[in-house]
Amino acid sequence: MAGLVVKLSKGEIGIVRRRFGRIHPEDEGREIRVQETSPGVQAAVLQSDRIHVLPNALYEVTVVRRTEVPLGTIGVVVAKDGAPPSPVRNLAPHVECRDFQDGVAFLRGGGTRGRQPGVLRGGASYAINTELFEVITVNTPVEARYGLTDDDLKEITIPEGTAGVVVVREGEPAGEEEGMLGRRVPGHASFQLPTVFLDGGGQRGVQEETLGGGDYRINPWFARVVQIPTRVLVLEWKRSDKKRPSNLDSSLDQIRINVEGHWVRFDMSQTIQIPAKAAPVLVSRVGEQKTAQDDPPVRRFIDRVLAPTVESYFQRAAAGRQILDFLDSPEAIRLELAGQVCEALDGWQVKAGETSLGDFEPEKTTIHELRMEIVAARTRNQELQHINENADIEEEIKRKQLRTERERRRLDAVILEEHVRLLGADRVAMERFMSHLKEVDVPTYVGGNAEGILQYMPLQVAQEMINTALGGPPRRQEIPRGASGGRVEAALKRALTGQRSALLADVGGGPSAEQDVVVCLGREDDHAEVRDALDRFLRSCGWTVAGESEPVTGPWLQTVTIRAADAGRAATSEELEDELRRATDRESPGSGLAAELAEVLAGTPLAVLLVGPVLLTSANGEHAVLRLGHRQLSHLIRRPNRLLTEPLAVVAELRGSGG
């Protein structure tokens with residue numbers, strides 16, 4: 001048979017195809033043959049830089065270039081023939097075949113079709129049968145790379161000051177808990193031997209073991225490596241136009257806060273360090289960088305953890321501090337912020353370093369102008385506070401004077417009662433008559449009888465002294481029945497009628513959201529003090545003043561509308577009655593705003609106070625409290641004038657009659 005002479009240069013290999021023959025049983029089911037007698041493409045190749053002679057009629061040879069893998073890159077391999085692939089693994093088992101240059105050993109060793117775990121080192125060429133293996137390098141067209149990029153096909157270089165966090169794509173899951181890491185497996189040469197890792201029980205996901213400085217050839221189908229800087233990082237909060245977009249702190253802008261209505265800006269810097277042992281936890285919790293366009297994990301950590309911590313601190317600090325605290329005491333703020341940052345990073349095992357704050361710069365003004373404005377405002381506030389304190393002191397003095405005068409009156413009454421008991425009413429009346437007589441401005445000498453004396457004396461004084469001397473009953477306190485007195489009686493009747501209607505309409509039993517308060521005084525001069533004490537008492541019971549009518553003056557009558565500040569907490573009629581009754585108890589008087597109201601009313605000659613259905617009357621320092629029913633209100637409506645002239649007697653009658 002004629003000979004086929006094949007001369008191969010250094011960079012060439014020959015792929016042999018046998019034209020005919022009988023298929024050897026070992027080659028059944030394969031496209032590539034390991035037995036030389038089997039027809040078809042042979043697994044063995046003709047080596048480079050040799051001359052090969054084969055029978056021309058039996059074989060044909062295709063000359064191809066050796067597979068080149070550029071320096072600094074890797075080649076990954078896909079087997080086109082072999083045993084069926086595993087249903088549970090994406091990578092085929094490893095078979096020793098001299099970097100895929102021994103196709104016969106690969107097929108006889110049980111090599112399977114699909115992606116292979118081994119990689120080809122860069123800077124070398126390989127005699128690989130391209131009919132059996134497809135090799136993917138950076139020189140492979142993009143559309144034939146199975147989605148791999150140039151970065152995927154490069155050797156991984158980990159510089160000093162950086163930790164390589166490995167994310168494995170094969171194996172059982174490490175766990176579902178956040179931050180769960182794949183356990184350590186020995187012998188896999190820093191994840192460069194995938195089969196050793198997987199056969200040793202390695203788990204997929206982020207691995208606890210990290211890569212230190214150096215070069216690594218890791219199959220991109222098996223794992224990806226995320227580089228995390230472990231050196232000290234200086235992060236700056238300053239104007240973004242002064243940063244490169246690639247910076248890890250590119251999203252951190254100058255801090256701007258509002259303190260007491262003043263906007264201030266300032267720069268800030270913070271140093272952090274991520275230890276190598278903390279890097280896998282960080283990647284596991286914030287996610288890996290899958291493409292070059294993704295944010296690096298450290299930037300996501302800064303944006304999601306550190307930046308919100310700083311922002312939250314300054315929001316709280318601005319709400320709880322004064323502007324001068326920022327201008328005059330920035331060191332205290334810096335130390336407090338540093339503590340907050342350190343506490344937030346501890347949960348990530350990240351070390352917080354130095355915290356620095358720049359100068360505070362107010363917007364729309366200068367530091368000096370801002371200080372002057374603050375000083376002026378605070379001086380004014382101090383003046384107003386001083387005025388308010390003085391007003392409180394004066395009010396307290398008036399209340400004490402009122403209590404003293406009231407006690408003096410009560411003491412005078414007690415002394416008078418004792419004199420009457422010991423000396424008799426006639427004797428006391430005569431003494432008081434003579435005492436009044438001494439104070440009357442009369443001529444030095446007046447001759448004649450009593451008629452002559454009385455003609456020099458004012459009629460009103462003479463009448464009072466005669467009544468007193470005769471021992472007649474003192475005149476009862478009453479509101480004058482002039483033009484205004486009639487209006488007072490009419491207004492009181494309308495108020496009582498309205499309250500009765502409100503009681504008839506009330507079927508819920510709870511406090512109304514709104515009701516009326518009627519204030520009726522025998523003396524107009526007392527209304528301001530009474531209203532002030534009444535308003536304070538109502539506020540303490542959960543009511544606020546919603547409106548008031550025009551008063552009827554001469555004496556004083558006014559209707560005030562009150563509204564519940566919180567309908568679920570405003571005092572009910574029963575609670576108001578109980579509070580006022582305790583405050584007016586002579587044996588054990590209460591304290592607080594109700595007692596203060598009772599004291600103020602005791603200083604008026606006559607007072608009638610109707611809070612909803614609760615009636616409080618006062619005359620000659622005595623009080624009576626009663627919560628009115630429908631029948632009692634009807635009785636008062638028929639004769640409101642008695643309530644204005646004999647309030648205590650009316651309350652006693654109503655209490656005896658029931659409601």
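Residues numbered from 1 in each chain as written. Predicted model: local features only at pLDDT ≥ 70, side-chain atom pairs only at ≥ 80, totals over all residues. Heavy atoms only, no water.

S.K.: Residues and numbers for the pattern of salt bridges, please.
M.R.: According to the stated counting rule, one finds 27 salt bridges in the structure shown. In this structure, Lys-154 and Asp-151 form a salt bridge, with 3.8 Å as the shortest nitrogen-oxygen distance. Exposure remark for Asp-151: the relative accessible area of 53% places this residue in the exposed category. Ionic pairing is found between Arg-642 and Glu-646, a salt bridge with its closest N-O pair at 3.6 Å. Residue classification places Arg-642 among the buried positions, given a relative accessible area of 14%. Among the charged side chains, a salt-bridge network with shared partners connects Glu-574, Glu-577, Arg-581 and Arg-627. (Salt bridge = Lys/Arg side-chain N within 4 Å of Asp/Glu carboxyl O. Buried < 20%, exposed > 50% of the residue type's maximum accessible area, 1.4 Å probe, protein only.)

S.K.: Just give me the short version of the sheet that holds strand β2 (residues 12-18), but keep the residues and values in it.
M.R.: Reading across from one edge, β3-β4-β2-β6 is the order of the 4 strands in this open sheet, with mixed pairing throughout. Pairing within the sheet leaves two strands with one partner each, and these edge strands are β3 (32-33) and β6 (59-65). Where β2 and strand β4 (residues 40-46) come together, 4 bridges link them in antiparallel fashion. The partner of Gly-14 across the bridge, within β4, is Leu-46. (Pairing = 2+ DSSP bridges. Helix = DSSP H or I, 4+ residues; strand = E, 2+ residues; numbered from the N terminus.)

S.K.: Give a description of the layout of surface pockets that names residues and reports values.
M.R.: Taken as a whole, the second largest pocket encloses approximately 770 Å³ of empty space. Among the secondary structure elements, those contributing two or more residues to the lining of the second largest pocket are β12 (156-158), β17 (223-229) and α4 (297-320). Looking at the lining of the second largest pocket residue by residue, the classes come out as 13 nonpolar, 6 polar and 7 charged. (1 Å grid on protein atoms, 1.4 Å probe; cavity = no way out; pocket = protein on both sides within 12 Å on 5 of 7 lines; lining within 4 Å. Points joined across faces, edges and corners; volume = space filled by probe spheres on them. Nonpolar A, V, L, I, M, F, W, Y, C, P; charged D, E, K, R; others polar.)

S.K.: So what about the sheet that holds strand β29 (residues 622-627)? Which residues, and what values?
M.R.: The 6 strands lie next to each other as β25-β26-β24-β27-β28-β29, forming an open sheet whose pairing is antiparallel. Every other strand in the sheet has two partners, leaving β25 (543-548) and β29 as the edge strands with one partner each. Strand-to-strand, the axes of this sheet are offset by a mean angle of 20°, without reference to chain direction. Both strand β27 (residues 606-611) and strand β28 (residues 614-619) contribute to a ladder of 6 bridges, which runs antiparallel. Among the inter-strand pairings, Val-611 is bridged to a residue of β28, identified as Val-614. Taken strand by strand, helix α13 (residues 573-583) contacts β27, β28 and β29, and its axis lies near 165° from that of β29. (Axes fitted to C-alpha atoms, helices over the stretch in contact; angles between N-to-C directions. Contact = heavy atoms within 4.5 Å.)

S.K.: Which residues make up helix α6 (residues 330-346), and what values go with them?
M.R.: Every α-helix carries 3.6 residues per turn, so stepping three or four residues along brings you back to the same face. Here α6 is 17 residues long and its end C-alpha atoms lie 24 Å apart, about the 24 Å a rise of 1.5 Å per residue gives. Of all the positions in α6, only Ile-333, Arg-334, Leu-337, Ala-338, Val-341 and Leu-345 are classed as buried. Seen from one end, α6 has its buried residues packed into an arc of 135°, which puts them on one side. In α6, the exposed positions angled more than 90 degrees off the buried face are occupied by Glu-343 and Asp-346. (Expected span 1.5 Å × (residues − 1). Arc of directions from axis to C-beta.)

S.K.: Describe the side chain of Thr-137, listing the residues and the values that go with them.
M.R.: Note that Thr-137 resides in the loop between β11 (133-136) and β12. At 3.1 Å, the side chain of Thr-137 forms a polar contact with the backbone nitrogen of Asn-139. Ignoring any residue separated from it by four or fewer positions in sequence, one finds Thr-137 in contact with Glu-68, Val-69, Ile-74, Gly-75, Arg-145 and Leu-153. (Polar contact = N/O pair within 3.5 Å; in protein donor to acceptor, adjacent residues only side chain to side chain.)

S.K.: Now, about unusual backbone geometry: what can you tell me, with residues and values included?
M.R.: A positive phi angle is found at Phe-100, which is not glycine, with a value near 65°. Here Phe-100 shows up in the loop between β8 (74-79) and α1 (103-108). One non-glycine residue with positive phi stands out, namely Gln-349, at about 60°. Assignment of secondary structure puts Gln-349 in the loop between α6 and β22 (351-357).

S.K.: Describe in detail the packing of α13 against helix α14 (residues 593-602), supporting the description with residues and values.
M.R.: At a minimum axis distance of 8 Å, the contact between α13 and α14 shows a crossing angle of 60°. Taken together, the axis directions place α13 and α14 in an arrangement best described as oblique. The chirality of how α13 crosses α14 is right-handed. Across the interface between the two elements, Glu-579, Leu-580 and Ala-583 from α13 touch Ala-594, Ala-595, Leu-597 and Ala-598 from α14. For the contact of α13 with α14, the class distribution of residues is 6 nonpolar, no polar and 1 charged. (Parallel < 35°, antiparallel > 145°, perpendicular 65-115°, else oblique. Left-handed = near helix turned anticlockwise from the far one by under 90°.)

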